[in-house]
Amino acid sequence: MGEKRTVPEVDREAAARRAVQMRRARAAVKRDLATRVVTPQQIAQQAFAEPRSVPGSLRITDFLTALPAIGAGKRDRILQQLSISDVKRLGGLGRRQRHDLLEWLDERFPPAAPRDNRSRLLVLAGPTAVGKGTVAEKIRQEHPDIVLSVSATTRAPRPGETDGVHYYFVSDAEFDRLIADNELLEYATVHNRHRYGTPRRPIEEALAAGKTVLLEIDLQGARQVRRAEPSATLIFLLPPSWDELVQRLVGRGTEDAEERARRLRTAKVELASQAEFDYRIVNADVAAAAQDVVDLSTDSAQPTI
Ligand code: 5GP
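A. Fine view of the sheet that holds strand E6 (residues 194-199). As summarised here, the arrangement of the four strands in space is E4-E3-E6-E5, forming an open sheet in which the pairing is mixed. The sheet is open, and its two borders are formed by strand E4 (167-169) and strand E5 (184-190), each paired with just one other strand. Neighbour-to-neighbour, the strand axes of this sheet turn through a mean angle of 25°, independent of strand direction. Strand direction decides the pairing type here: strand E3 (residues 151-153) and E6, joined by two bridges, are antiparallel. Bridging from a neighbouring strand, alanine 152 pairs with glycine 197 of E6. Across the face of the sheet, helix H7 (residues 172-180) comes into contact with E3, E5 and E6 while running at roughly 40° to E6. Its contacts with the sheet put helix H8 (residues 200-208) on E5 and E6, and the angle it makes with E6 is roughly 30°.

As structure tokens, then:
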């Protein structure tokens, strides 16, 4: 009898713990949706494939309001239009409702159309702390045939950085001169602080010599390259999740709390612009992400004739 009373209690505790974990996991998915680290279509597909998964247990109402620019009013109109009751969970939608929801999502959040014209000019951008530098460094080690552009910057070298290898460290006056003489393909003030720019000549020479060139620059720079060289291949590096991005930024410990908050605000803006890019690569594993970038260059895509 006594045993009968304790077992359910243990069960209840375990169930309560599971419920808390599920709630936390659902909150993390909502953050990923709001910051566009994942697409709504990805979450919906996961929910339909695994109704008992975290995405499957999301209420349709929470799913919709987690999407960028969808408030309560819009949410209710969408539910009415799709004939979905507001008590439904994503995993519990019927066949017709799933189909209609996916169709609506594709219209509202069009999936990026893959480009088929690849170029030898690769631009790698992405939010703070996503690991652009680490992925670029991996490519430098594994693919010496790919030319990594060395930027000019007005910031001071960090320990271990060499002038001419990691950056050209220049004064403000020298940076002004580079701009005036049209020696930069693009330039920008990053994180409201220092100026960074891509020297034009080494890139033109490498491309003329038939080499693949990789630029690791910020979003503003990527946009300028797109305007200057419309055929450039723009790649956006994504974190596996929003929480992971925050962890990486905190973990590297190179910024104080105020600077971290500022970078995370910039990261949200940058993530919102990922649709401008030709390709998106999730940086879950550095070696795999580096290989994915290399695979996007013309030379690995098609044999040169
Ligand atoms: P860090 O100071 O940590 O080396 O770099 C800060 C940011 O500047 C990174 O997001 C990096 O992508 C960006 N960056 C580095 N070089 C360039 C460049 O030549 N042009 C632009 N627009 N951004 C750059």
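B. Summary view of unusual backbone geometry. The phi dihedral of alanine 69 is positive, around 65°, even though this residue is not glycine. Counting through the fold element by element, alanine 69 comes out in the loop between helix H3 (60-66) and helix H4 (72-81). The phi dihedral of alanine 129 is positive, around 65°, even though this residue is not glycine. Within the secondary structure, alanine 129 sits in the loop between strand E1 (121-125) and helix H6 (132-142).

C. Spotlight on the pattern of salt bridges. Summed over the entire model, instances satisfying the criterion amount to 21 salt bridges. For aspartate 62, the salt bridge identified is with lysine 30, shortest N-O distance 3.8 Å. Here aspartate 62 is found in helix H3, whereas its partner lysine 30 is found in helix H1 (residues 2-34), with 32 residues between them in sequence. Among the residues examined, lysine 30 registers a relative accessible area of 29% and is labelled partly exposed. Three or more residues are tied together by salt bridges with common partners; here these are Arg193, Arg252, Glu255, Glu259, Arg262 and Arg263.

D. Main features of the site of the ligand. Every one of the 15 residues lining the ligand counts as a neighbour, but Ser151, Arg155, Tyr167, Glu186 and Tyr196 are closest to it. Residue arginine 158 places a side-chain N or O atom 3.0 Å away from an oxygen atom belonging to the ligand. Between a nitrogen atom of the ligand and a side-chain N or O atom of glutamate 186, the distance comes to 2.7 Å. Out of a free accessible area of 520 Å², the ligand has 90% covered by protein chains. Put simply, the parts of the chain that give the shell around the ligand at least two residues each are E5 and E6. Its residues assigned to classes, the shell around the ligand comprises five nonpolar, four polar and six charged.

E. Structural view of the pairing of strand E9 (residues 279-282). Along E9, the buried face is formed by Tyr279 and Ile281; none of Arg280 and Val282, which line the opposite face, is buried. Relative to E9, strand E8 (residues 233-238) is paired through four bridges, and the arrangement is parallel. Looking at the pairing, leucine 238 lines up with valine 282 of E9.

F. Structural view of the sheet that holds E8. Taken together, five strands build an open sheet; the order of strands is E2-E7-E1-E8-E9 and the sheet is parallel. Pairing within the sheet leaves two strands with one partner each, and these edge strands are strand E2 (147-148) and E9. Pairing geometry for E1 and E8, over four bridges, is parallel. Residue pairing across strands places leucine 124 opposite isoleucine 235, the latter belonging to E8. This element, helix H12 (residues 286-295), spans E1, strand E7 (213-216), E8 and E9 of the sheet and lies at about 160° to E9.

G. Layout of the packing of aromatic side chains. As enumerated under the stated definition, the model contains five aromatic pairs in all. Ring centres 5.0 Å apart and planes at 70° place the aromatic pair phenylalanine 236 and phenylalanine 277 in the edge-to-face group. With phenylalanine 236 in strand E8 and phenylalanine 277 in the loop between helix H11 (257-271) and E9, the pair connects residues that are 41 residues apart, well separated along the chain. For the pair phenylalanine 236 and phenylalanine 277, one class covers both residues: buried. Among the aromatic side chains, those forming a connected cluster through ring pairs are Tyr167, Phe169 and Tyr196. Note that arginine 108 overlies the ring of phenylalanine 109, its terminal NZ or CZ placed 5.3 Å from the centroid.

Parameters and conventions
Residues numbered from 1 in each chain as written. Predicted model: local features only at pLDDT ≥ 70, side-chain atom pairs only at ≥ 80, totals over all residues. Heavy atoms only, no water. Pairing = 2+ DSSP bridges. Helix = DSSP H or I, 4+ residues; strand = E, 2+ residues; numbered from the N terminus. Axes fitted to C-alpha atoms, helices over the stretch in contact; angles between N-to-C directions. Contact = heavy atoms within 4.5 Å. Salt bridge = Lys/Arg side-chain N within 4 Å of Asp/Glu carboxyl O. Buried < 20%, exposed > 50% of the residue type's maximum accessible area, 1.4 Å probe, protein only. Near = heavy atom within 4 Å. Polar contact = N/O pair within 3.5 Å; in protein donor to acceptor, adjacent residues only side chain to side chain. Areas by Shrake-Rupley, 256 points an atom, 1.4 Å probe, with all protein chains shown as cover. Nonpolar A, V, L, I, M, F, W, Y, C, P; charged D, E, K, R; others polar. Phe/Tyr/Trp six-rings, centres within 6.5 Å; stacked < 30°, edge-to-face > 60°. Lys NZ or Arg CZ within 6 Å of the ring centre and 35° of its normal.

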